[in-house]
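Chain residues, written in single-letter form:
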Amino acid sequence: MYWRANRWRAWIPPLIGVLAMLTGLVGPVGPATALAAYQATADSNESAFEPPCLGWDDPRPERMLTLAVNGMVALGYDVKGYKGAAFTKAHTLSRTVNDWSYYVHSHGDYYWYAPESRRYSGFREDSGDCAQSVVFSKEIALKRAGRATNLVVISTCFNGDSNTTLPGAFGIAKSKAGELQWNGPEFYVGYLGEAYDNDEEAFETTFWDALKRGRGVGPAFELALLEHFTHPFDADWWGSYVWSGRAGPGSFCPNCL
Amino acid sequence: MFLSQLPAHLPARLPARLPRPGRRPGTILLVTVAAGLLVTGLAGPAAGSDPYVAGQAATRIARLPAGLAGAAIGRAARTGRALGLPEAARRTVERVEDRRGHATFDEVTDFDAKGRPTAILRYAPDGRLVAAVHLGWHEGRGQALAADADAIRAALNVLQANGIEPVGQVVPRKRGANGWSVNWERAVDGVPVPGDGVRVQLWADGSFHGLSLAEHPLADRPAIVVESSVAETAVARLLDRWIPAAGRGEVRIDGTALAWVAPNDTFEAARPDAPEEVRRLAWVVRVRSIGAFAEVLRGLEVAIDAGDGSLLGGDVLR
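To start, this report covers the structure provided alongside it. (Residues numbered from 1 in each chain as written. Chains lettered and ligands numbered in written order. Predicted model: local features only at pLDDT ≥ 70, side-chain atom pairs only at ≥ 80, totals over all residues. Heavy atoms only, no water.)

Here's the deal with the packing of helix 6 (residues 197-212) of chain A against helix 7 (residues 217-225) of chain A
Residue and element names in this part refer to chain A. Where helix 6 meets helix 7, the closest approach of the two axes is 8 Å, and the angle between their N-to-C directions is 145 degrees. Note that helix 6 runs across helix 7; the crossing there is right-handed. In this structure, helix 6 contributes F203, T206, F207, A210 and L211 to the contact, and helix 7 contributes V217, A220, F221, L223, A224 and L225. The residue inventory of the contact of helix 6 with helix 7, partitioned by class, reads 10 nonpolar, 1 polar and no charged. (Axes fitted to C-alpha atoms, helices over the stretch in contact; angles between N-to-C directions. Helix = DSSP H or I, 4+ residues; strand = E, 2+ residues; numbered from the N terminus. Left-handed = near helix turned anticlockwise from the far one by under 90°. Contact = heavy atoms within 4.5 Å. Nonpolar A, V, L, I, M, F, W, Y, C, P; charged D, E, K, R; others polar.)

Structure, rendered in structure tokens:
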């Protein structure tokens, strides 16, 4: 009898996940792709940091793109990386409709949005040249139309600030669900204020590595913050601390059972 | 010898059935193994011959022999009590090689009775505590610390409970709802070692959140340190080369100071992906952009070797 009870217990979490998927209990509807392939996009602005825009070739944008792509693959996403002329505003806004996860390394700020005479958070495209348009959170929000996202890592300045408008664009509320809470399978990471690239890379190397080791998003964030930063670096998160980071809508709260 | 200590060029798993001794293939294999050991030694692959490349695993994980694992778990129990961590129902331990960070540590994970991870503690192979974190989100469990002095006092309590005596200048920083960060940056003869020292993270109520310690090896101090003006002149020349003419007038040197830094590949992509382990004395020249060019490049730090004036690396503010 004991053996039977234990055997059934092992099936409870996946069954709850499947039931939640079928009944829509896991939160807002995700992107419109087939459930089997969870599309993700990783963009990195390299052209801004190589000739002719600047006179040296900074290897970091490509390296951080590699880290993100590998990390997302390990979490089960169907990810494609874009840089140079392939990373344009049009490309990002087109892909975002079907993205379950998104990573970007670029310039970021709280930019002036002329059509509404107000500021929105955003980041710059690469576009393969030195005239790089801003991708505004407002534009991402319009494209996604409230669809949920799994994992969003914004590797720019200012997009972890309390006033950032990017989490909402990806359907992630700026609230923290701790050990016994659940906002759904979602997690947003951004950096506060100005952030130097060395510190961002140190953070992200550890963050993706911890996720690959199965630590889950909250502990991965904590381990990344233990790195030895050379400036007053800080990052923040919103979403579900206990989520695994794995692709798709079928995750459940492992601590809430 | 543990399998993880084999030289990097050997397969992780040896063939299950080796040809019998005396046969030529087996002889060749044994000779190759012996030659490999003679070249690389028994201490495992050196960083120089096996450099970290981004995209590879940043860490290598190994099981600890039972005796060492037991010692690490015993340390974690003591540290947990000193830090006020929840009582662990179960602990696991792994040896972690941080390839980018040039560090090896024993990582203990605490679990509660329901199997949930509650804390992670890291120890250097010699048993020193190098990092700890209380997992979870612990906002608003008690009265929030009001001022910098309260945060420093709470951080000192954390350190003293673990026999750690911080030195140097303390810098407390409020992190909004995330609490506080209190940092003692390491300095040697008055020269900072950025990234080294002790950093304590506290929840808003002053309870323990995280702790990390670092002390990287330093190269010999140069016999003669060049003047800061030598570094600034070198950087001005680099900026003439690096910044397009239209923006050059908006990019200025903002300050210069000595620091012990890790040489890196920021300006020379052919260098290794990981920053070097040994810190070198450098003039760090800070560069800031103004006007429209700040949209292209907010700032730079350019590290110039304080002894020979060569370019050591730097950092970019996008």
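A look at the sheet that holds strand 6 (residues 134-136) of chain A
All names here are of chain A. Taken in spatial order, the 3 strands make up an open sheet running 4-5-6, and their pairing is antiparallel. The sheet is open, and its two borders are formed by strand 4 (108-113) and strand 6, each paired with just one other strand. Within the sheet, the average angular offset between the axes of one strand and its neighbour, ignoring direction, is 50 degrees. With 6 bridges connecting them, strand 4 and strand 5 (residues 118-124) associate as antiparallel partners. (Pairing = 2+ DSSP bridges.)

What to know about the pattern of salt bridges
Counted according to the given criterion, the structure contains 35 salt bridges over all chains. Of the charged contacts in the structure, one is a salt bridge between A:E201 and A:R60, with a shortest N-O distance of 3.1 Å. Highlighted residues: A:E201 in helix 6 and A:R60 in helix 2 (residues 60-74), separated in sequence by 141 residues. With its nearest N and O atoms 3.3 Å apart, the salt bridge here joins B:R271 to B:E268. A relative accessible area of 33% means that B:E268 is categorised as partly exposed. Bridged by salt links that share partners, the residues A:D58, A:R60, A:R63, A:D197, A:E201, B:R100, B:D265, B:D273 and B:R318 form one connected network. (Salt bridge = Lys/Arg side-chain N within 4 Å of Asp/Glu carboxyl O. Buried < 20%, exposed > 50% of the residue type's maximum accessible area, 1.4 Å probe, protein only.)

Side note on helix 2 (residues 66-83) of chain B
Residue and element names in this part refer to chain B. Taking 1.5 Å per residue, 18 residues should reach 26 Å; helix 2 reaches 25 Å between its end C-alpha atoms and fits that length. Within helix 2, burial applies to A69, A72, A76, A77, T79, G80 and L83. Lining the buried residues of helix 2 we find strand 2 (90-98), strand 3 (103-111), strand 4 (117-123), strand 5 (129-134), helix 3 (148-161) and strand 9 (208-214). G84 lies just past helix 2 and shows a positive phi near 75 degrees. (Expected span 1.5 Å × (residues − 1).)

Thoughts on the sheet that holds strand 4 of chain B
All names here are of chain B. Across the sheet, which stays open at both edges, the 9 strands sit in the order 1-2-3-4-5-9-8-7-6 with antiparallel pairing between neighbours. Across the chains shown, the open sheet's two edge strands, defined by having one partner strand only, are strand 1 (59-62) and strand 6 (170-174). Taken over all neighbouring pairs, the strand axes of this sheet differ in orientation by 25 degrees on average, direction set aside. Where strand 3 meets strand 4, 6 bridges bridge the pair, whose relative direction is antiparallel. Bridged to D110 within strand 4 is A119. The sheet contacts of helix 2 involve strand 2, strand 3, strand 4, strand 5 and strand 9, and relative to strand 4 the element is tilted by about 115 degrees.

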